[in-house]
Each structure stands twice: as C-alpha cells, then as structure tokens.
Amino acid sequence: SDLGRVAHTLARALSGVSKKTTERRTTMAAATTTSPEAQKELLLAARIQEQVGWNWRLDVPLGEFQGVSVNDAGLVVGLDFSEQKGLEFNLAVLAPLTSLQVVNFRNCEKATGDIELLKGMELASLNLYYCRELTGDIEVFKGMELTSLNLWNCNKLTGNIEVFKGIPLTSLNLFNCGKLTGDIEVFKGMELTSLDLSECRKLTG
C-alpha cells in the first residue's frame, strides 16, 4: 500500500542514510501524515517501541501510545521521550508530524539529526536538554511561536541568537551552547522569566 511504502521510506531514513536523502524522503512522508492512521504507521516505523518496551502497536489507538499526546482530531501534538537515555533515534521521526506542538526529549543522549528537520513546525515547547549529538543552525527557530526552549548542553548547535527576536519565549536555556554567537541585547524587552546563558562564551553585550 501507499502507506506501507511511506513507513518503509521513513524506516530507511532512520537507519543512517545520508542527510540529504533523509531530508528528501521525510519531506515526501510529511505530505501524507494528515490522518492518525498515517501518523501511527510512521511512529511504528521508527522502532521506538522495540527499544523501550512501550505499548506502540497497530491494535493500540494512537492516543493511548505511551509518550504520545493527541488533539481532538486524533493527530499527534506531543511527544515525551524524556529520560530515555539509551533510546537511539533520529530527528527525522519528527519531520512528518507537522501537528506537533510540545516535544520533550530531555536526556535523550543518543538522539541524532539536524534540527533543520524541525522547520515549519508550530512548536510551543521544545526540550532538547542534553541532546548533545544534535547538529544544525538555530536559524530554524526563527518565526516560531515558542514559549519554552531548552537546549542545555546542545554544544554542537551553531547560529546567531538574533533569531530569538520576536519569539514569545518566557523560558530559554542555552547552557554550554558554546558555538552560538550574537549580542544579548536581543533579549531586551522579552518577557523571559528564566534565562541561562552560562558557558556561552562567544556571546557579547
């Protein structure tokens, strides 16, 4: 079936093909994930359940998947893989889930991929605390309606903090994001209640 081919495509993307091929295939898959059934197929193709023993199966409703939250339409709006330190997955698993709003991958030390794969998502909260293998430019966050962003020790990320201008952040953690550049003047006037720039030694201002 077409859905089966999409799931197979994502499975190959998650198994370590080139970044360029991964992005192309996940973009193709994203166009098909407008139903709970399609999103379920794609999550199952990621083989998360085989690593952590969760109840992800075809006979389980998507809204009952452990670590998954859905909206009234049954589409995935939240993923919580927090504290799954041994879980190996690529951010490509998120790319087709354009309905996502809240992502918590706290302490997912083996998560890989380029944060460019988050482009176009309407995320409100993103926690990548200690996802230290992630790469990419924070430019991807420009224009997002994020209120909470945690990049604690994501020290491979690059880019200029100017991208945060205009984002309605109330909590931002950039601890040890040592490759980021820019002037902290950008935070002036923002309604931040929590801000951590420790060890961000290339920032100025």
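Here's what I pulled together on the structure shown here. Just so you know, these numbers come straight off a predicted model, no measurement behind them.

## Thoughts on the overall build of the protein
- Looking only at helices and strands, the protein features four helices and 13 strands.
- Evaluated residue by residue, the protein yields a buried proportion of 45% over its 205 residues.
- Of all intrachain contacts in the protein linking residues separated by at least 6 positions in sequence, the fraction that spans at least 24 positions is 32%.
- Carbon and sulfur atoms make up 46% of the accessible area of the protein, which amounts to about 9900 Å² in all.

## As for the pairing of strand S2 (residues 76-80)
- Of all the five residues making up S2, four are buried; the element is thus mostly covered by neighbouring parts of the structure.
- Inspection of the sheet shows S2 paired to strand S4 (residues 102-104) by three bridges, in the parallel sense. Paired with Leu-79 across the strands is Val-103, a residue of S4.

## Here's the deal with the pattern of salt bridges
- If you walk through the whole model with that rule in mind, you get nine salt bridges.
- Of the charged contacts, one joins Asp-59 and Arg-57 as a salt bridge, the two residues approaching to 2.9 Å between their closest N and O atoms.
- Across the salt bridge formed by Lys-156 and Glu-133, the nearest N and O atoms sit 2.9 Å from each other. Taken together, the residues Lys-156 in the loop between strand S8 (148-150) and strand S9 (157-160) and Glu-133 in the loop between strand S6 (125-127) and strand S7 (136-137) connect sequence positions 23 residues apart.

## Some thoughts on the environment of Leu-146
- Tracing the backbone through its elements, the reader meets Leu-146 in the loop between S7 and S8.
- Judged by its relative accessible area of 0%, Leu-146 falls in the buried class.
- Leaving out residues up to four positions away in the same chain, Leu-146 has contacts with Leu-123, Ala-124, Ser-125, Leu-126, Phe-141, Ile-167, Pro-168 and Leu-169.

## Comments concerning helix H3 (residues 36-45)
- Of all 10 residues in H3, seven are buried, a share of seventy percent or more.
- Turning to H3, its buried residues number three or more, namely Ala-38, Gln-39, Lys-40, Leu-42, Leu-43, Leu-44 and Ala-45.
- Arg-47 lies just past H3 and shows a positive phi near 60 degrees.

## Remarks on the sheet that holds strand S12 (residues 194-196)
- What the seven strands build is an open sheet, ordered S1-S2-S4-S6-S8-S10-S12; its pairing is mixed. On the outer flanks of this sheet lie strand S1 (68-70) and S12, each paired with one strand and no other. Direction aside, neighbouring strands of the sheet carry axes that sit 15 degrees apart on average.
- Judged from the three bridges that link them, S8 and strand S10 (residues 171-173) form a sheet pairing that is parallel. In the strand pairing of S10, Asn-150 is matched with Asn-173.

## Focus: the nonpolar core
- Ranked by internal contacts, the top residues of the largest apolar core, which has 58 residues, are Phe-105, Phe-141 and Phe-164.
- Elements that contribute at least two residues to this core include exactly H3 and S2.
- Residues in contact with Phe-105, not counting those within four places in the same chain, are Leu-79, Phe-81, Ser-82, Phe-89, Leu-91, Leu-94, Asn-127, Leu-128, Tyr-129 and Cys-131.

## Details of the packing of aromatic side chains
- This model, assessed by the stated rule, comprises 11 aromatic pairs.
- One aromatic cluster in this structure is built from Trp-54, Trp-56, Phe-65, Phe-81, Phe-89 and Phe-105.
- When the ring centre of Tyr-129 is taken as origin, the NZ or CZ atom of Arg-106, which lies over that ring, is 3.8 Å away.

## Remarks on the sheet that holds strand S13 (residues 203-204)
- Pairing is parallel across the open sheet formed by four strands, whose spatial order is S7-S9-S11-S13. For this open sheet the edge positions go to S7 and S13, each flanked by a neighbour on one side alone.
- As defined by bridge partners, S7 adjoins S9 across two bridges and the pair is classed as parallel. If you follow Gly-136 over to S9, its bridge partner there is Leu-157.

Rules and cut-offs
Residues numbered from 1 in each chain as written. Predicted model: local features only at pLDDT ≥ 70, side-chain atom pairs only at ≥ 80, totals over all residues. Heavy atoms only, no water. Helix = DSSP H or I, 4+ residues; strand = E, 2+ residues; numbered from the N terminus. Buried < 20%, exposed > 50% of the residue type's maximum accessible area, 1.4 Å probe, protein only. Contact = heavy atoms within 4.5 Å. Areas by Shrake-Rupley, 256 points an atom, 1.4 Å probe, with all protein chains shown as cover. Pairing = 2+ DSSP bridges. Salt bridge = Lys/Arg side-chain N within 4 Å of Asp/Glu carboxyl O. Axes fitted to C-alpha atoms, helices over the stretch in contact; angles between N-to-C directions. Core = buried A, V, L, I, M, F, W, Y, C linked by side-chain atoms within 4.5 Å. Phe/Tyr/Trp six-rings, centres within 6.5 Å; stacked < 30°, edge-to-face > 60°. Lys NZ or Arg CZ within 6 Å of the ring centre and 35° of its normal.

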